[in-house]
Amino acid sequence: MRFITFPHQLYKRDKNYVPALNMATKRMLGKKNPFLQHSEIALFIALKRGVVVGRIAAIYNQTHLDTYRDHTGFFGFFDAINDLSVAKSLFEACEQWLKKKDIRRMIGPANLTTNDSCGMLTEGFQDSPMVLMPYNKEYYNRLCSQLGFAKLIDLNSYSIPVNGSKLGNYDHIYQKGLEAMELNRINIRNLSPKTFRKDTEQLRWVYNKVNENNWGFMPLNEAEFKEMASDLKMATPWDLTLVIEKEGQVIGFLIAVPDLNQALRFVKSGTLFPLGIFRFLHKKRGIHSARILILGVLDEYKGMGLDVVMYRRIKEAFDKRHIVNSEACYVLESNQPMNLILNKISEGIAKKYRMYEKQIES
């Protein structure tokens, strides 16, 4: 619990900090997490005179190693006071643990995988993070650089205001998408309790397929995807889920999540009970932002305008919920098609996150 609650102390005077719920972090780091059925983690805390001054997780990801065979491990859950010696001791603990497992390179942060929150905030410190997005002190990047870490890749987060959306500038692509849907017998619908189980079985295959060529992607097995789908089911209203299908087969999707951080930021202890739940429920009614969490279309259906159709449909759902702002994240800087469309329909990049890498000395 000292590992889990340390950030609440570190950021207690930071108005943009949003605490992760203690029970959610505990579950993620516990043995019931499907990820830990095949992979391993080691958690470290740094102490000064008995007081926690930093934390980090070393991550041995068997799925990544099976996919890429590159002797790479990860670090995550890094938080520390502004002290180079503290950060150095934490990263060295990670390196030593990973080196014993024949790991020669360490990248991160990833909490716990690239399918979870990852990256270190480098731009956008003036705003609170969107739900399920990381947040960190600006000096973290300096500590990483001083300790020999180099940029691996940046991840973008785009600001898309719902009111005054630029989507109207692309009515011709929207119409093209509608015509392609009619011609190819493609339809869009929401997930629902009746179809959820069957849909998730198809969605896992599509999710893994559309992301297989993205940097750092690791396919989710059945247990991992069910866990992710179960979490989303609790956080996401049905009308913010879109599935594209052709003749009963899922070919694309868009999932958005209300920005629960707008309510969670008032639960400073990371504990809902006994009083935090009342603050959360009271503030939840005023949520006016959302995050576009995942979007994908199978390669053979790209270029039809289906992505613009989905953005238009999700905007209509946002309007009904009085959601006025949204962010689309993450978007790899190397994903040129997605960056191109988001640059057209958004107000630009709101936040940037960086993945770092470092060779582990033998």
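Right above here is the structure, for reference.
First, a word on scope: everything that follows refers to the structure included in this document. Here the structure is a predicted model, which is why all the values come from computation and not from measurement. (Residues numbered from 1 in each chain as written. Predicted model: local features only at pLDDT ≥ 70, side-chain atom pairs only at ≥ 80, totals over all residues. Heavy atoms only, no water.)

The next point concerns the pairing of strand β14 (residues 349–359). As a general feature of sheets, a regular strand has side chains that alternate between the two faces. Here four bridges tie strand β4 (residues 105–108) to β14, and the two strands are oriented antiparallel to one another. Looking across to β14, one finds that G108 is bridged to Y356. Pairing analysis gives three bridges linking strand β7 (residues 120–123) to β14, with the strands arranged antiparallel. Bridge pairing in β14 links M120 to R354. As judged from the eight bridges shared by strand β8 (residues 150–161) and β14, these two strands associate in the antiparallel manner. The partner of N156 across the bridge, within β14, is K352. (Pairing = 2+ DSSP bridges. Helix = DSSP H or I, 4+ residues; strand = E, 2+ residues; numbered from the N terminus.)

A few words on the packing of aromatic side chains. One pass over the structure, following the stated rule, counts 14 aromatic pairs. Taking the centre distance of 5.7 Å and the plane angle of 70 degrees together, the rings of F196 and W238 count as edge-to-face. Residue F196 is found in helix α7 (residues 196–211), and its partner W238 is found in the loop between α8 (222–235) and β10 (241–246); the two are separated by 42 residues along the sequence. Measuring from ring centre to ring centre gives 5.9 Å for Y207 and F225, while their planes differ by 50 degrees; the resulting arrangement is tilted. On the criterion of sequence distance, the pair formed by Y207 in helix α7 and F225 in helix α8 is long-range, its members being 18 residues apart. Look at F225 and you get buried, because its relative accessible area is 7%. Directly above the aromatic system of F3 lies the positively charged group of R55, at a separation of 4.9 Å from the ring centroid. Here R312 stacks its cationic end above the ring of Y174, 4.1 Å away from the centre of that ring. (Phe/Tyr/Trp six-rings, centres within 6.5 Å; stacked < 30°, edge-to-face > 60°. Buried < 20%, exposed > 50% of the residue type's maximum accessible area, 1.4 Å probe, protein only. Lys NZ or Arg CZ within 6 Å of the ring centre and 35° of its normal.)

With that settled, the discussion passes to the packing of α7 against α8. Where α7 contacts α8, the axes come no closer than 10 Å and their chain directions differ by 120 degrees. Looking at the two axes, α7 sits oblique to α8. When you trace α7 past α8, the crossing you get is right-handed. Seen from α7, the contacting residues are F196, T200, L203, R204 and Y207; seen from α8, they are E222, F225, M228, A229 and K233. A per-class count over the contact of α7 with α8 returns six nonpolar, one polar and three charged. (Axes fitted to C-alpha atoms, helices over the stretch in contact; angles between N-to-C directions. Parallel < 35°, antiparallel > 145°, perpendicular 65-115°, else oblique. Left-handed = near helix turned anticlockwise from the far one by under 90°. Contact = heavy atoms within 4.5 Å. Nonpolar A, V, L, I, M, F, W, Y, C, P; charged D, E, K, R; others polar.)

In the segment running from N111 into L112, the intervening peptide bond is cis, with an omega of 15 degrees. Take L112: it is sitting in the loop between β5 (110–111) and β6 (117–118). In the segment running from C329 into Y330, the intervening peptide bond is cis, with an omega of -5 degrees. Checked against the element boundaries, Y330 lands in strand β13 (residues 325–332). Here the phi dihedral of F77 falls at roughly 50 degrees; this positive angle occurs in a residue that is not glycine. If you trace the backbone, F77 turns up in strand β3 (residues 72–80).

With that settled, consider the nonpolar core. Of all hydrophobic cores here, the largest spans 66 residues; its most connected members are L254, Y311, F318 and L342. Of all the elements, helix α11 (residues 306–320) adds the most residues to this core, at eight residues. Setting aside residues no more than four positions away along its own chain, F318 makes contact with V162, L240, A256, A290, I292, I323 and S326. Counting residues in hydrophobic clusters, the runner-up holds 59 residues, among them F77, L98, Y139 and L332. (Core = buried A, V, L, I, M, F, W, Y, C linked by side-chain atoms within 4.5 Å.)

Once that is clear, we can look at the packing of α11 against helix α12 (residues 336–345). Between α11 and α12, whose axes approach to 12 Å, the crossing angle comes to 40 degrees. By the angle class used here, α11 and α12 are oblique. With respect to the hand of their crossing, α11 and α12 are arranged in right-handed fashion. Between α11, through D307, V308 and Y311, and α12, the contact on the second element is made entirely by M338, I341, L342 and I345. Here the contact of α11 with α12 is composed, by residue class, of six nonpolar, no polar and one charged.

For helix α4 (residues 84–99), which comprises 16 residues, the first-to-last C-alpha distance of 22 Å matches the rise-based estimate of 22 Å (1.5 Å per residue) to within 8%. Of all the positions in α4, only V86, A87, L90, F91, C94, E95, W97 and L98 are classed as buried. Down the axis, α4 shows its buried residues gathered within 170 degrees of arc, on one side only. (Expected span 1.5 Å × (residues − 1). Arc of directions from axis to C-beta.)

A word on the pairing of β13. Burial within β13 is extensive, with six of its eight residues counted as buried. Here six bridges tie β8 to β13, and the two strands are oriented antiparallel to one another. Bridge pairing in β13 links N156 to V331. As paired strands, strand β12 (residues 289–297) and β13 are joined by four bridges and run parallel to one another.

Below, the discussion takes up the side chain of R105. Within the secondary structure, R105 sits in strand β4. A polar side-chain atom of R105 sits 2.7 Å from a polar atom in the side chain of E357. Ignoring any residue separated from it by four or fewer positions in sequence, one finds R105 in contact with D70, H71, T72, G73, L152, E357, K358, Q359 and I360. (Polar contact = N/O pair within 3.5 Å; in protein donor to acceptor, adjacent residues only side chain to side chain.)

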